Amino acid sequence: MPEPMIITIDGPAGAGKSTVAKEISRRFGYFHLDSGALYRAIGYACSLKGADLNNLQEVISVAKSIKIELTEEGKVILNGRDVTWEIRKPEGGYLASQVARFKEIREVVVELLREMAKGKKIVIDGRDAGSYIFPEADLKIYLTATPEERAKRRYEELKKRGFNVSYEEVLKEVVERDERDRNRPFAPLVVPEGAIVIDTTGKSLETVISEISQLIKNGNDC
Ligand code: CDP
Ligand code: CDP
């Protein structure tokens, strides 16, 4: 089977999607589309502009007034400024999932993502990459792990970057966000049809990456 042109990686927070997507892109020469970064950038821009996150019109007007770019090196540029790390702060996930509830915002983001993907071999990670954005993808992966393990990974990562948060706080944030992502009416977090589910609980990053590498090399039918 030929090498897949579009690979989607979906799953809940902390499952390892972006780390895995980045590494797969590097090893196989794909462009990495981090769809969550777009929701994070919009949520962040809303907070900078003091927009009310429950007011669709205010959120739309911010989303339509900004320019977001994703670079080959994995940087997120908002109106010409590098915000890659700022949007990863703990409240960034909350802001992102608030703006991501709105169908109108999702349509803006999906259009942008499809535009960014044109003519490229891509690995895209998110919540609805295989179910809604690219249902025609050649290889669909769904990564998951127990909430406790995902929260532990996130907690370790935040601690390493110098954020002062407790494990309990992180677990609560992850569980609440998953709940919001799974229960929104439009393009919720689901296992996409035809996706290969990988439970990463207790698995090393390298094991997960090599399982996916094998699927790419074997053309997904192993
Ligand atoms: O994108 P997503 O929220 O799914 O996860 P991430 O931002 O890639 O973060 C996952 C964290 O868990 C990273 O620090 C990884 O190094 C670590 N990790 C993993 O992704 N997969 C494993 N099997 C083990 C650890
Ligand atoms: O890295 P992590 O998995 O924690 O989050 P992310 O991928 O950066 O996404 C942040 C938030 O954006 C998610 O909790 C979702 O609410 C939203 N999102 C979405 O709705 N659809 C996507 N395709 C990607 C992210």
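Note that this is a predicted model, so its numbers are computed, not measured. (Residues numbered from 1 in each chain as written. Chains lettered and ligands numbered in written order. Predicted model: local features only at pLDDT ≥ 70, side-chain atom pairs only at ≥ 80, totals over all residues. Heavy atoms only, no water.)

A short note on the overall build of the chain
For the chain, the count of helices and strands is nine helices and eight strands. In terms of overall size, the chain behaves like a compact globule, its C-alpha atoms giving a radius of gyration of 17 Å where 222 residues would be expected to give roughly 17 Å. Dimensions of the chain, computed from the C-alpha atoms along their principal axes, are close to 50 × 40 × 35 Å. Total accessible area on the chain is roughly 10,800 Å²; 51% of this is exposed by carbon and sulfur atoms. (Helix = DSSP H or I, 4+ residues; strand = E, 2+ residues; numbered from the N terminus. Rg over C-alpha atoms; globule rule 2.2 N^0.38 Å. Areas by Shrake-Rupley, 256 points an atom, 1.4 Å probe, with all protein chains shown as cover.)

What about unusual backbone geometry?
With a phi close to 45 degrees, Asn 79 is a non-glycine residue in the positive phi region. Residue placement: Asn 79 occurs in the loop between β4 (76-78) and β5 (81-82). A residue is classified by how much of its surface remains accessible, and Asn 79, at 47% relative accessible area, is partly exposed. Even without glycine at this site, Ala 187 takes up a positive phi of about 45 degrees. (Buried < 20%, exposed > 50% of the residue type's maximum accessible area, 1.4 Å probe, protein only.)

Quick word on the site of ligand 2
Surrounding ligand 2, one finds 17 residues, the nearest of these being Arg 40, Arg 106, Asp 128, Arg 177 and Asp 181. Contacts to ligand 2 include Arg 184, whose side-chain N or O atom sits 2.9 Å from an oxygen atom. Computed on the free molecule, ligand 2 has an accessible area of 530 Å², of which 97% lies beneath the protein chains in the complex. Of all elements in the fold, only α2 (35-49), α4 (90-99) and α8 (167-183) reach the threshold of two or more residues within the shell around ligand 2. (Near = heavy atom within 4 Å. Polar contact = N/O pair within 3.5 Å; in protein donor to acceptor, adjacent residues only side chain to side chain.)

Digging into the sheet that holds strand β8 (residues 196-199)
In a beta sheet, neighbouring strands are held together by backbone hydrogen bonds and run either parallel or antiparallel to one another. Spatial ordering of the open sheet is given by β2-β6-β1-β7-β8, a layout of five strands whose pairing is parallel. In this open sheet, the two strands that pair with only one neighbour each are β2 (31-34) and β8. If you compare each strand with its neighbour and ignore which way they point, the axes differ by 20 degrees on average. Bridge count for strand β1 (residues 6-10) against strand β7 (residues 139-144) is four bridges, and the pairing is parallel. Along β7, the bridge assignment pairs Asp 10 with Tyr 142. Relative to strand β6 (residues 122-126), helix α1 (residues 17-28) is tilted by about 175 degrees, and along the sheet it contacts β1, β2, β6 and β7. (Pairing = 2+ DSSP bridges. Axes fitted to C-alpha atoms, helices over the stretch in contact; angles between N-to-C directions. Contact = heavy atoms within 4.5 Å.)

Some words on the sheet that holds β4
Strand order across the open sheet formed by three strands is β3-β4-β5, with antiparallel pairing between neighbours. Edge positions in the sheet fall to β3 (68-70) and β5, since each of these pairs with one other strand and no more.

Quick notes on the UniProt feature "domain: Cytidylate kinase" (unreviewed entry) in the chain
Here, the residues flagged by UniProt with the feature "domain: Cytidylate kinase" (unreviewed entry) are residues 7-217. Note that residues 7-217 is 53% helix and 15% strand, and that its end C-alpha atoms are spaced 13 Å apart. (UniProt positions renumbered as here; feature names shortened; annotations may be inferred.)

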